[in-house]
Amino acid sequence: ALVPAFLLLAQQSDRKLVPVTTKMLENPSPNDWLMYNRTYDSQRFSPLKQINKANVGQLKLAWSKKQTNGTQETIPLVHDGVMYIQAPGASVQALDATNGELIWQYDRPIPANQKTGAKAKTIAMWEDMIFWTAPDAVVALDARNGEMRWEAKTDTRGGAVLNLGYNKNLLP
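So, a few notes on the structure that sits alongside this text. (Residues numbered from 1 in each chain as written. Predicted model: local features only at pLDDT ≥ 70, side-chain atom pairs only at ≥ 80, totals over all residues. Heavy atoms only, no water.)

**Some details on the packing of aromatic side chains**
The final tally for this structure, using the stated rule, is three aromatic pairs. Ring centres 6.2 Å apart and planes at 50 degrees place the aromatic pair Tyr84 and Trp104 in the tilted group. Of this pair, Tyr84 sits in strand S3 (residues 82–87) while Trp104 sits in strand S5 (residues 102–107); the two residues are 20 residues apart in sequence, bridging distant segments of the chain. Taking relative accessible area as the criterion, Tyr84 reaches 0% and is therefore assigned buried. (Phe/Tyr/Trp six-rings, centres within 6.5 Å; stacked < 30°, edge-to-face > 60°. Helix = DSSP H or I, 4+ residues; strand = E, 2+ residues; numbered from the N terminus. Buried < 20%, exposed > 50% of the residue type's maximum accessible area, 1.4 Å probe, protein only.)

**Observations concerning the sheet that holds strand S9 (residues 148–153)**
Taken in spatial order, the four strands make up an open sheet running S6-S7-S8-S9, and their pairing is antiparallel. The sheet terminates laterally at strand S6 (123–126) and S9, the two strands that pair on one side only. In this sheet, adjacent strand axes meet at a mean angle of 20 degrees when their direction is disregarded. Relative to strand S7 (residues 129–134), S6 runs antiparallel, the two sharing four bridges. Bridge pairing links Ala124 to Phe131 in S7. (Pairing = 2+ DSSP bridges. Axes fitted to C-alpha atoms, helices over the stretch in contact; angles between N-to-C directions.)

**Here we look at the layout of surface pockets**
Here the largest pocket defines a volume of roughly 470 Å³. Around the largest pocket sit 14 residues that line it, and Asn31, Trp33, Ser46, Leu48 and Val78 are the ones nearest its centre. Across the lining of the largest pocket, the residue classes break down as nine nonpolar, three polar and two charged. (1 Å grid on protein atoms, 1.4 Å probe; cavity = no way out; pocket = protein on both sides within 12 Å on 5 of 7 lines; lining within 4 Å. Points joined across faces, edges and corners; volume = space filled by probe spheres on them. Nonpolar A, V, L, I, M, F, W, Y, C, P; charged D, E, K, R; others polar.)

**Let's talk about the pairing of S9**
Taken together, the five bridges between strand S8 (residues 137–142) and S9 define a ladder with antiparallel strand orientation. Across the sheet, Ala137 pairs through a bridge with Lys153, a residue of S9. Hairpin remark: S8 followed by S9, antiparallel, with five residues in the connecting loop; positive phi at Gly146, about 80 degrees.

**As for the environment of Glu73**
Tracing the sequence through the fold places Glu73 in the loop between helix H1 (22–26) and strand S2 (77–79). Taking the relative accessible area as the measure of exposure, Glu73 reaches 32% and is therefore partly exposed. Along the sequence, Glu73 and Ile85 sit 12 residues apart, while their C-alpha atoms lie 9.8 Å from each other.

Now the structure itself:
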């Protein structure tokens, strides 16, 4: 049986998504975590005020999400109430940040013996796309529904194989 590259688990046509802009990345909303370190100066600090020294001891687990076996090293991105994560097994997931419910999941078709070792440190968001360095390509996914918009296959050295007839290293 064929397994689709993405699995839609919720209707996304009604979901409002404000495209991420340079201005938003430079000065993110306190409710969002739009990049790896949250800000360009790598503070990894949330300016939200709901949690403070007086109430931090009262925190309780709100929700958890079981993942497949494999390495999980990514920092989630959060935008407009949706948490985006790179999940073990060559997948990217969009979760409702309030309850952990799966909105969509993109599963990269790679050989089963490579799934548990497939990992990436982070994902990125720009405009209405999630960018991910999959085991075999750089992939751009639609942030609303997980559909692949484009991919640039990578060679064995990590360079992207472009349709221009030559290799160009797109990754730092």
